[in-house]
Amino acid sequence: MVDLWDGLVQAVWLMASLDAELADIAARSLYVTLTALVVACALAFPLAAYLAVRRFRARRTIIAILNALMGLPPVVVGLIVYLLLSRSGPFGVLGLLFTPTAMIIAQVLIMVPLIASIAHQSLRDLWQEYHDLLISMNVTQGQKLRTLLWDARRALLTAALAGFGRGIGEVGAIMIVGGNIDNVTRVLTTAIALETGKGEFALALALGFILIGLTIAVNLLIHWLGQTEREGRW
Amino acid sequence: MSSMFPLIVSGAEARRRGNRLIGPIDLQLEGKGATVVVGPNGSGKTTLLNLLHGTVRLARGHVQWQVNTEDARRMQSFVFQRPVMLRRSVIDNLAYPLVIRGQSARTAREAAASWAERIGLSAMKDRSATSLSGGEQQKLALARALITEPVVLFLDEPSASLDGRATRDIENLLLEQKAAGTRIIMSTHDMGQAKRLADDVVFLCNGHVAEKTSAAEFFAQPATLQAQAFLNGDIVE
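Residues numbered from 1 in each chain as written. Chains lettered and ligands numbered in written order. Predicted model: local features only at pLDDT ≥ 70, side-chain atom pairs only at ≥ 80, totals over all residues.

### Examining the overall build of chain B
Link 1 in the chain: Check the secondary structure of chain B and you find 9 helices and 9 strands.
Link 2 in the chain: The dimensions of chain B, computed from C-alpha atoms along their principal axes, are 55 × 40 × 35 Å.
Link 3 in the chain: Counting over 237 residues, chain B shows a buried share of 44%. (Helix = DSSP H or I, 4+ residues; strand = E, 2+ residues; numbered from the N terminus. Buried ≥ 20, exposed ≤ 12 C-beta atoms within 10 Å, placed from the backbone.)

Next comes the structure, spelled out in structure tokens:
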């Protein structure tokens with residue numbers, strides 16, 4: 001109990017004193033995960049809409065695989081990205097290993113199946129509703145996808161938030177591909193892991209509370225921007 | 001204007017999983033007035049309309065407009081029994097078909113605003129369409145179908161679950177459109193509505209066209225036994 005309390009006190013203290021290192025780490029956490037989120041959404045949303053609208057042979061298989069990959073173990077993703085980006089790997093020449101970019105790549109891979117699966121579910125329902133009308137109006141394939149994505153935007157926001165949640169709290173993959181290098185690739189989660197390992201429980205806890213606070217703040221901000229949960233909206 | 005008529009349907013059939021839903025249907029529709037498709041439940045009214053509209057696949061036979069398919073599709077609109085509302089505002093629902101056809105958002109919204117006025121939904125034009133009542137939704141769906149100025153308007157039981165006032169509003173709009181020259185092809189189970197709107201009647205029974213005559217003739221002296229029974233209110237299979 002004492003540790004919890006110490007952690008809370010230290011969290012408040014760290015934030016109140018505007019600790020430069022903390023701000024740096026928190027900013028990097030946000031940068032990595034938000035960038036990965038944007039990229040992941042750009043890939044996952046059109047994929048989900050396409051899977052909802054088109055009927056082709058491999059569709060069911062792809063959906064099943066996406067659903068299964070929602071629980072993709074981050075450590076494994078980290079390992080694979082590590083091997084791909086390492087000096088001897090196929091993308092080794094890019095020199096991306098142990099950079100924030102590598103962390104972003106790993107997080108994109110972790111987020112895409114989750115976001116696409118959740119988005120697909122709501123897009124599929126919406127398509128069922130719209131199907132007859134849009135077919136009757138003779139819309140093109142592209143217009144169909146755009147209409148669905150636009151009208152389901154609030155459901156897509158939920159999918160994006162789920163992706164953000166998975167990314168911001170993730171430690172396995174970014175630890176491996178980022179390396180937790182001070183001032184370069186250290187983020188909140190890897191810092192927590194490090195401090196815990198050193199026995200600095202209070203500091204680790206403080207970072208943890210800050211991470212949770214940050215997550216809640218981002219969620220509230222996105223909800224507010226998206227104007228969800230208001231009467232007459234979806 | 002109605003150079004897409006006559007619509008010639010020959011030997012048309014629709015199937016689902018090998019079962020014949022309707023057909024073979026032979027029918028010729030000329031380019032004027034309102035044709036009302038009547039018949040018992042399950043006789044294939046909806047399927048027939050969809051077949052003519054091109055949204056149900058033709059298993060056999062032909063549905064032939066006098067213009068090419070692409071033009072024909074562009075000159076038609078369809079109003080469903082249960083209105084499909086896009087999850088957008090009333091005005092955006094109305095503007096949608098125009099935007100799809102490449103009009104600028106501004107001109108589309110102007111046209112939409114004038115239609116909202118016409119159907120009495122101006123005050124609600126920024127509300128979400130899904131929050132409207134059933135009658136308002138159907139009026140919106142009708143206006144959305146008309147905004148592209150179709151040559152042919154299909155309606156599948158457009159007032160099936162509406163109250164009297166909404167039904168009257170919709171019928172008035174249809175009569176106006178008919179007077180303006182829009183070809184109306186609709187189904188209904190409401191014989192009063194059929195009498196009020198129809199110029200000619202297609203009587204469907206068991207997926208076949210049992211009768212196609214002028215409305216006056218059909219209601220005065222139906223030629224087939226099934227139609228007589230149907231008009232008498234008997235259960236027709």
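### Things to note about the nonpolar core
Link 1 in the chain: Among the nonpolar cores identified, the biggest contains 67 residues, and A106, I115, A119 and V177 of chain A are the most heavily contacted of them.
Link 2 in the chain: Broken down by element, this core gets its largest block of residues, 22 residues, from helix 5 (residues 100-137) of chain A.
Link 3 in the chain: Residues within four places of A119 of chain A in sequence aside, it is in contact with A44, F45, A48, L156 and A159 of chain A.
Link 4 in the chain: If you look at the next biggest cluster of nonpolar residues, it comprises 66 residues, including W65, V90, L204 and F230 of chain B. (Core = buried A, V, L, I, M, F, W, Y, C linked by C-beta atoms within 7 Å. Contact = placed C-beta atoms within 7 Å.)

### Let's talk about the packing of helix 2 (residues 20-53) of chain A against helix 6 (residues 141-151) of chain A
Residue and element names in this part refer to chain A.
Link 1 in the chain: With their axes 10 Å apart at the nearest point, helix 2 and helix 6 run at an angle of 115° to one another. On the basis of their axis angle, the class for helix 2 and helix 6 is roughly perpendicular. Handedness of the helix 2/helix 6 crossing: right-handed. Each of F45, P46, A49, Y50, A52 and V53 in helix 2 lies in contact with helix 6, whose residues at this interface are K144, L145, L148 and L149.
Link 2 in the chain: For the contact of helix 2 with helix 6, the class distribution of residues is 9 nonpolar, no polar and 1 charged. (Axes fitted to C-alpha atoms, helices over the stretch in contact; angles between N-to-C directions. Parallel < 35°, antiparallel > 145°, perpendicular 65-115°, else oblique. Left-handed = near helix turned anticlockwise from the far one by under 90°. Nonpolar A, V, L, I, M, F, W, Y, C, P; charged D, E, K, R; others polar.)

### What to know about unusual backbone geometry
Link 1 in the chain: Here the bond from F5 of chain B into P6 of chain B is cis, since omega is 0°, no more than 30 degrees from zero.
Link 2 in the chain: Relative to the helices and strands, P6 of chain B resides in the segment before strand 1 (7-16).
Link 3 in the chain: Along the chain, G23 of chain B connects to P24 of chain B via a cis peptide bond; the corresponding omega equals -5°.
Link 4 in the chain: Checked against the element boundaries, P24 of chain B lands in strand 2 (residues 19-29).
Link 5 in the chain: Even without being a glycine, N183 of chain A presents a positive backbone phi close to 70°.

### Examining the UniProt feature "domain: ABC transporter" (unreviewed entry) in chain B
Link 1 in the chain: Within this numbering scheme, the UniProt entry marks residues 7-231 of chain B as carrying the feature "domain: ABC transporter" (unreviewed entry).
Link 2 in the chain: Each end of residues 7-231 of chain B is marked by a C-alpha atom, and these two atoms are 27 Å apart; helix forms 40% of the span and strand 26%. (UniProt positions renumbered as here; feature names shortened; annotations may be inferred.)

### Digging into the UniProt feature "transmembrane region" (unreviewed entry) in chain A
Residues and elements named next belong to chain A.
Link 1 in the chain: Residues annotated in UniProt with the feature "transmembrane region" (unreviewed entry) correspond here to residues 30-53, 65-85, 91-116, 155-181 and 201-225.
Link 2 in the chain: This span, residues 65-85, is 81% helix and 0% strand, and a straight line between its end C-alpha atoms measures 25 Å.
Link 3 in the chain: Counting secondary structure, residues 91-116 comes out at 65% helix and 0% strand; the distance between its end C-alpha atoms is 26 Å.

### Digging into the sheet that holds strand 2 of chain B
All names here are of chain B.
Link 1 in the chain: Overall, antiparallel pairing links the 3 strands, which are arranged 2-1-4 in an open sheet. Both outer strands of the open sheet, strand 2 and strand 4 (60-64), are each paired with one neighbouring strand and no more. On average, adjacent strands in this sheet sit at an angle of 25° to one another, irrespective of strand direction.
Link 2 in the chain: Judged from the 7 bridges that link them, strand 1 and strand 2 form a sheet pairing that is antiparallel. Counted as the bridge partner of V9 is L27 from strand 2. (Pairing = 2+ DSSP bridges.)

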